[in-house]
Amino acid sequence: MLRRRELLKGLGLGTLVAGVPGLVFANTPNESRLVVFILRGAMDGLAMLAPYGDGNYASLRGKLALATPGQTGGVLKADGFFGMHPALQHTHTLYQQKQALFVHAVASPYRERSHFDGQDQLESGSSIGNFKRDGWLNRAIQPLNSREGSETAIAISQNTPLLLRGSQPVTSWAPSSMPDAADDTLMRLEALYANDPFFATRLQQALDSQQIAGDMANDMTGRRKGRGNQQKQLEELMKATARFLSAPDGPRIAVLESGGWDTHARQGAAQGALAGKFSALDNGISVLQRELGDAWSKTVVMVVTEFGRTARVNGTGGTDHGTATAAMLVGGAVNGGQIIADWPGLSTSNLYEGRDLYPTTDIRSVFKGVMAEHLGLQESFLDQHVFPDQKTVPVMENLVDT
């Protein structure tokens, strides 16, 4: 039987994929790694990347405003206008090393501020009024899933997110809360499924995934209790992700998710609940870089959220559901050291509906750019299969160091 490793070796530069006429890979799937990290709950982009150079920023944000670079609790300077949250220390280093970039004032087409609908819109990649029940990333991996049983993508999650649901097979892994099955049970299952190719393949995939993850699942199960272990849990998920993406026959695309970004109350500025979330995220990226080793140079990590938050602080020291936010790309393959923003301004007249950062960039442009430059998918395939009826959404360029 042809193994996935042997098959991928055959997919050299310029390989044509059967069933998708004219589709050419600029990079083989064995080379490029992609991680999509969804921050669920609507992350405050004005806190992640603060426009401290906007004359309306400090007064508009009130007690949530971050100090200017060099001051106590001040932002980490990206340029003369934008600065990163002070908790993003490692990310700032990556930015200085040109391995991180930000896209600001970005949003999906969705404008109604419901978490569930906003996340569905983000992950389906649909146009308003043309909602799809599968994810844009599932549609994108069609040419990368070369044969049944050799899934290119994995969800590091208890449930496969919409982003990866669809007709293309994917795999998933999450630390189990149940004890491992005994060896004799596994042997019985293997014998039971021996003559059923579908279930035999799925069982083998599960066993392979558990072997790649090693003892990590049991370690994580023991650490789940208590909310104070968020950072450690994310560390372990990043380690698992790195193991899967580094395995010779493993997947090359991973999707992770993190909840708790809905900061309605006591959000904090340089310190507080949101700062803790940023610190865990920053540390997780550092762990992923370390654990990927040489594969980091071929990796792009997209950090995205369903929408942003209100520009003004609310009565409970937090922010409410907003519109535009910031997205972040990090990785050794990122063309970093740049802030991409068609900045709308923060005067009241420039805010969306008088309350939110105005969206000027479609998040699907970022998705298209990464798919084209990093995974080598042609624009025609993106327009026809991945984001149909959205040709007016341009492919963002120069995101990846090709």
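Sequence order sets the numbering: in each chain, residues are counted from 1 along the sequence as written. This being a predicted model, a pLDDT of at least 70 is required before a residue's local features are given, and a value of 80 or more before pairs of side-chain atoms are given or counted; all residues contribute to the totals for chains, interfaces and linings. The basis for the side-chain values is all heavy atoms of the structure; hydrogens and waters are excluded.

What the 3 strands build is an open sheet, ordered β2-β4-β3; its pairing is antiparallel. Strands at the two margins of the open sheet, each flanked by one partner only, are β2 (49-50) and β3 (76-77). Two strands form a pair only when DSSP identifies at least two bridges running between them. Here a strand is any run of E in DSSP of at least two residues, a helix any run of H or I of at least four, and the numbering for each starts at the N terminus. Note that β3 and strand β4 (residues 83-84) share 2 bridges and pair antiparallel. For leucine 76, the partnering residue across the bridge sits in β4 and is methionine 84.

It is worth spelling out the environment of alanine 242 at this point. Residue placement: alanine 242 occurs in helix α10 (residues 230-246). Throughout this description, buried means an accessible area under 20% of the type-specific maximum (1.4 Å probe, protein chains only), exposed means over 50%, and partly exposed covers the range between. What makes alanine 242 buried here is its relative accessible area of 2%. Residues alanine 242 and leucine 292 lie 50 residues apart in sequence; the distance between their C-alpha atoms is 5.1 Å. Contacts: residue pairs with any heavy atoms within 4.5 Å of one another. Excluding its chain neighbours within four sequence positions, the residues that come into contact with alanine 242 are Leu288, Glu291 and Leu292.

On to the pattern of salt bridges. Each reported salt bridge corresponds to a side-chain nitrogen of Lys or Arg within 4 Å of a carboxyl oxygen of Asp or Glu. Within this structure, the stated rule accounts for 13 salt bridges. Among the ionic contacts, a cluster of salt bridges with common partners joins Arg113, Glu353, Arg355 and Asp356.

Looking now at the pairing of strand β8 (residues 253-258). With 5 of 6 residues buried, β8 is to be regarded as a mostly interior element. Pairing of strand β1 (residues 33-39) with β8 involves 6 bridges; the strand directions are parallel. In the strand pairing of β8, valine 36 is matched with valine 255. Bridging between strand β6 (residues 153-156) and β8 involves 3 bridges; their strand directions are parallel. Considered in β8, the bridge of alanine 153 is made with isoleucine 253.

Let us now look at the packing of α10 against helix α11 (residues 273-292). What counts as an axis is a line fitted to C-alpha atoms, over the stretch in contact for a helix, and the angles between N-to-C directions run from 0 to 180 degrees. As a packed pair, α10 and α11 sit with axes 8 Å apart at the nearest point and diverge in direction by 30 degrees. Judged on the interaxial angle alone, α11 and α10 are roughly parallel. Every pair of crossing elements has a handedness; the one defined by α10 and α11 is right-handed. Each of Gln230, Gln231, Leu234, Glu235, Met238, Lys239, Thr241, Ala242, Leu245 and Ser246 in α10 lies in contact with α11, whose residues at this interface are Lys277, Ser279, Ala280, Leu281, Asn283, Gly284, Ile285, Val287, Leu288, Arg290, Glu291 and Leu292. Split into classes, the residues belonging to the contact of α10 with α11 amount to 10 nonpolar, 7 polar and 5 charged. Geometric relationships in this document are graded by angle, where less than 35 degrees denotes roughly parallel, more than 145 denotes roughly antiparallel, 65 to 115 denotes roughly perpendicular, and other angles denote oblique. Crossings are classed by handedness, with left-handed meaning an anticlockwise turn of the near helix from the far one by less than a right angle and right-handed meaning a clockwise turn. Under this grouping Gly is polar, as are all residues other than the nonpolar Ala, Val, Leu, Ile, Met, Phe, Trp, Tyr, Cys and Pro and the charged Asp, Glu, Lys and Arg.

Bringing unusual backbone geometry into the picture now. Even without a glycine there, the phi angle at alanine 105 is positive, about 55 degrees. The topology assignment puts alanine 105 in strand β5 (residues 100-107). Judged by its relative accessible area of 0%, alanine 105 is buried.

So, about the confidence of the model for the protein. Any residue range with low pLDDT should be treated as having predicted coordinates unsuitable for detailed reading. Every residue is assigned a pLDDT by the predictor, reflecting its confidence on a scale from 0 to 100. In this model, the protein carries a mean pLDDT of 85, and residues with pLDDT of at least 70 account for 78%. In this model, residues 178-182 is a region of pLDDT below 50 whose contacts with residues beyond four sequence positions or in other chains number 3 contacts. Low pLDDT, under 50, characterises residues 215-228; the predicted model gives this stretch 28 contacts beyond four residues in sequence or across chains.

In this section: the packing of aromatic side chains. Under the pairing criterion, centres of Phe, Tyr and Trp rings, with the six-membered ring standing for Trp, must be within 6.5 Å; the plane angle then separates stacked pairs below 30 degrees from edge-to-face pairs above 60, leaving the rest tilted. Taken as a whole, this structure holds 8 aromatic pairs when the rule is applied. Relative to tryptophan 343, the ring of phenylalanine 81 has its centre 6.0 Å away and its plane inclined at 75 degrees; by these criteria the two rings are edge-to-face. In this pair, phenylalanine 81 sits in the loop between β3 and β4 while tryptophan 343 sits in the loop between β11 (338-340) and β12 (361-362), placing the two residues 262 residues apart along the sequence. Classification of phenylalanine 81 by relative accessible area gives partly exposed; the value is 25%. Considering the side-chain rings of tryptophan 173 and phenylalanine 244, the 5.8 Å spacing of their centres and the 55 degrees angle between planes classify their relative orientation as tilted. Taken as a pair, tryptophan 173 in strand β7 (residues 171-173) and phenylalanine 244 in helix α10 lie far apart in primary sequence, 71 residues in all. Phenylalanine 244 matches tryptophan 173 in its accessibility class, with the two residues each being buried. The rings of Phe81, Phe82 and Trp343 are connected pair by pair, giving a single aromatic cluster.

In terms of burial, helix α12 (residues 363-373) is largely enclosed, as 10 of its 11 residues are buried. All buried positions along α12 are accounted for by Ile363, Arg364, Ser365, Val366, Phe367, Lys368, Gly369, Val370, Met371 and Glu373.

Once that is clear, we can look at the packing of helix α4 (residues 89-96) against α11. Where α4 meets α11, the closest approach of the two axes is 7 Å, and the angle between their N-to-C directions is 55 degrees. In this view, α4 runs oblique relative to α11, as classed from their interaxial angle. For the pair α4 and α11, contact is made by Gln89, His90, Thr91 and Leu94 and by Asp282, Ile285, Ser286 and Gln289, respectively. Considering only residue class, the contact of α4 with α11 consists of 2 nonpolar, 5 polar and 1 charged.

Quick look at the nonpolar core now. Remark: nonpolar core denotes a set of buried residues (Ala, Val, Leu, Ile, Met, Phe, Trp, Tyr, Cys) joined through side-chain atoms within 4.5 Å. Counting residues in each nonpolar core, the largest one holds 61 residues, and the members touching the most others are Met48, Phe278 and Leu281. Per-element accounting of this core gives the leading share, 8 residues, to α11. Grouped together as the second largest cluster of nonpolar side chains are 39 residues, Val103, Val304, Leu377 and Met396 included.

With 17 residues, α10 extends 24 Å from end C-alpha to end C-alpha; this agrees with the ideal 24 Å at 1.5 Å per step. Three or more residues of α10 are buried, namely Leu234, Glu235, Glu236, Leu237, Met238, Lys239, Ala240, Thr241, Ala242, Phe244 and Leu245. To estimate the expected span of a helix, subtract one from its residue number and multiply by 1.5 Å.

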